[in-house]
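Single-letter residue listing:
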Amino acid sequence: MSIDKTVGSAHGAVADIPSGASIAVGGFGLCGIPMVLIQALLDQGADELSVVSNNCGVDDWGLGVLLAARRIRKMTSSYVGENKEFERQFLSGELEVELTPQGTLAEKLRAGGSGVAAFFTQTGVGTPVAEGGLPQRYAPDGGVALASEAKEVRRLPYRGAEREFVLEPAITTDFALVHAAVADRHGNLVFEKSARNFSPLAAMAGGICIAQVERLVEPGELDPDAVHLPGVFVDRVVVVGPDIEKRIERRTVRSTTEGE
């Protein structure tokens with residue numbers, strides 16, 4: 001029987017995401033974000049979402065549109081510095097935030113998608129990441145309503161010496177949303193350069209992975225050695241075309257000086 005994971009529309013692809021669902025979302029800043037799927041989820045209306053993503057976009061783009069509509073209950077991220085509404089909601093006690101070191105976040109997603117329940121890492125040892133006490137939700141009066149708990153720290157042999165490592169649980173989510181450059185009908189994905197970023201890891205962690213893609217090819221057209229994410233991790237493919245809007249998070253240019 002032929003496998004065809006394509007879905008006719010983004011709205012149809014996200015229709016069964018319920019309120020309260022956990023979702024891993026690919027992207028780095030505004031690079032490689034699944035904006036068509038995010039907009040479809042905004043239109044769909046699910047709220048109380050727990051989202052895992054490197055960041056929360058900006059105020060009017062990316063995951064920022066869900067945040068502005070009060071659809072996100074909790075964010076697990078490593079960087080949150082480009083969104084003023086994110087700051088406002090966090091400091092006012094409206095949003096729960098679990099800050100995670102960037103490499104640790106990547107490995108937590110990869111581990112979850114690989115069937116690894118937890119792992120030990122040196123990152124965070126001797127800091128509040130391991131010792132606990134990081135504010136995760138503030139109270140309306142500015143006090144800390146919820147703080148991170150302490151994690152297990154163990155001494156283990158590594159490179160000829162015993163060192164301290166902190167135990168980090170893996171991340172798995174109900175759904176994953178990613179953007180890819182090319183897919184075939186089996187769900188094999190190819191990403192474009194840095195737009196690859198967290199997307200394969202987010203896709204692996206999601207129980208149901210939905211991929212928006214710019215171009216669809218038939219099975220057999222992709223060189224197996226060029227596939228970045230095997231179709232076994234992908235459940236639904238939505239073709240959005242190459243002309244979707246892609247914004248730059250922070251445009252930096254320099255003027256040409258005389259003599260250059």
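For the structure, see preceding data.
Residues numbered from 1 in each chain as written. Predicted model: local features only at pLDDT ≥ 70, side-chain atom pairs only at ≥ 80, totals over all residues. Heavy atoms only, no water.

### So, the overall build of the protein
Defined as follows: Helix and strand definitions follow DSSP, with helices as H or I runs of at least four residues and strands as E runs of at least two, each counted in order from the N terminus. Just to be clear, the radius of gyration here is over C-alpha atoms, and the globule rule we use is 2.2 Å times residues to the power 0.38. Categorising residues by exposure relies on relative accessible area from a 1.4 Å probe, with only protein chains included: less than 20% of the type maximum marks a residue as buried, more than 50% marks it as exposed, and the intermediate range marks it as partly exposed. By definition, residues are in contact when any of their heavy atoms lie within 4.5 Å. We score Asp and Glu as negative and Lys and Arg as positive, and we do not count His or the chain ends. In plain terms, the charge of a residue is placed at NZ if it is Lys, CZ if Arg, CG if Asp and CD if Glu.
A tally of regular secondary structure across the protein gives seven helices and 13 strands. Here the C-alpha radius of gyration of the protein, 20 Å, is about what a compact globule of 260 residues would show, namely 18 Å. With the C-alpha coordinates of the protein rotated into their principal frame, the extents come out at 60 × 50 × 45 Å. Counting the 260 residues in the protein, one finds 47% classified as buried. Here the contacts in the protein between residues at least 6 apart in sequence split such that 71% fall between residues at least 24 apart. For the protein, the distance from the average position of its 25 positive side-chain charges to the average position of its 35 negative side-chain charges is 3 Å.

### Describing the pairing of strand S2 (residues 49-52)
Note on strand geometry: in a regular strand, side chains alternate between the two faces of the sheet. As a reminder of what qualifies: Look down the strands so they point away from you; if the path from the first strand over the helix to the second goes clockwise, the crossover is right-handed. Strands were regarded as paired on the criterion that DSSP finds at least two bridges between them.
Alternating positions in S2 separate into two faces, Leu49 and Val51 on one and Ser50 and Val52 on the other, with burial throughout. With respect to chirality, the unit in which strand S1 (residues 22-25) leads through helix H2 (residues 35-44) into the neighbouring parallel S2 is right-handed. Where S2 meets strand S3 (residues 72-77), four bridges bridge the pair, whose relative direction is parallel. In the strand pairing of S3, leucine 49 is matched with isoleucine 72.

### Here's the deal with the packing of aromatic side chains
This is how it is decided: Any pair of Phe, Tyr and Trp rings, taking the six-membered ring for Trp, is counted once the centres come within 6.5 Å. Such a pair is stacked with planes under 30 degrees apart, edge-to-face with planes over 60 apart, and tilted for the rest. Two thresholds decide whether a charge sits over a ring: the Lys NZ or Arg CZ must be within 6 Å of the ring centre and within 35 degrees of the ring normal.
Evaluation of the coordinates by the stated rule reveals two aromatic pairs. Ring centres 5.1 Å apart and planes at 65 degrees place the aromatic pair phenylalanine 90 and tyrosine 138 in the edge-to-face group. Here the residue phenylalanine 90 occupies a position in helix H4 (residues 84-91), and tyrosine 138 occupies one in strand S6 (residues 135-138), the gap between them amounting to 48 residues. The exposure classification of phenylalanine 90 matches that of tyrosine 138, with both residues buried. A cation sits over an aromatic face here: arginine 247 above tryptophan 61, 3.8 Å from the ring centre.

### Examining empty space enclosed by the protein
We apply this condition: The pocket and cavity definitions rest on a 1 Å grid over protein atoms only: a 1.4 Å probe that fits but cannot leave marks a cavity, an open set with protein on both sides within 12 Å along at least five of seven lines marks a pocket, and residues lining either have an atom within 4 Å of a point. Grid points are joined across faces, edges and corners, and a volume is the space filled by probe spheres set on the points. Gly is placed with the polar residues, together with every amino acid not listed as nonpolar (Ala, Val, Leu, Ile, Met, Phe, Trp, Tyr, Cys and Pro) or charged (Asp, Glu, Lys and Arg).
The tally for this structure, following the rule as stated, stands at two cavities of 30 Å³ or more. Its volume calculated, the largest cavity comes out at about 60 Å³. Surrounding the largest cavity, 13 residues form its lining, Gly26, Gly29, Ile33, Ser53 and Leu63 being those nearest its centre. Here the residues of the lining of the largest cavity sort into six nonpolar, seven polar and no charged. Around the second largest cavity, the lining residues are Asn55, Cys56, Gly57, Tyr79, Val80, Gly81, Glu82, Asn83 and Glu249.

### Observations concerning the environment of glutamate 94
Inclusion rule: Within 3.5 Å is the distance limit for a polar contact, defined as a pair of N or O atoms, with the added protein rule that one can donate a hydrogen and the other accept it, and that residues adjacent in sequence qualify only through two side-chain atoms.
Looking at the secondary structure, you find glutamate 94 in the loop between H4 and strand S4 (96-99). With 46 residues separating them along the chain, glutamate 94 and proline 140 place their C-alpha atoms 8.3 Å apart. Setting aside chain neighbours within four positions, we find glutamate 94 in contact with Arg70, Arg88 and Gln89. Of the polar contacts made by the side chain of glutamate 94, one reaches the side chain of serine 92; its length is 2.9 Å.

### Overview of H4
Definition in use: Read the arc as the range of directions from the helix axis to the C-beta atoms.
Taken residue by residue, H4 has Glu85, Phe86, Gln89 and Phe90 as its buried positions. The arc that holds every buried residue of H4, seen down its axis, measures 130 degrees, which confines them to one face. Phi turns positive one or two residues past the end of H4, at glycine 93, with a value near 85 degrees.

### Remarks on the pairing of strand S5 (residues 118-121)
Residues of S5 alternate between two faces, with Phe119 and Thr121 buried on one and Ala118 and Phe120 left unburied on the opposite face. Alignment of S5 against strand S9 (residues 161-169), held across four bridges, turns out to be antiparallel. Residue pairing for S9: phenylalanine 120 is matched across the bridge by leucine 167.

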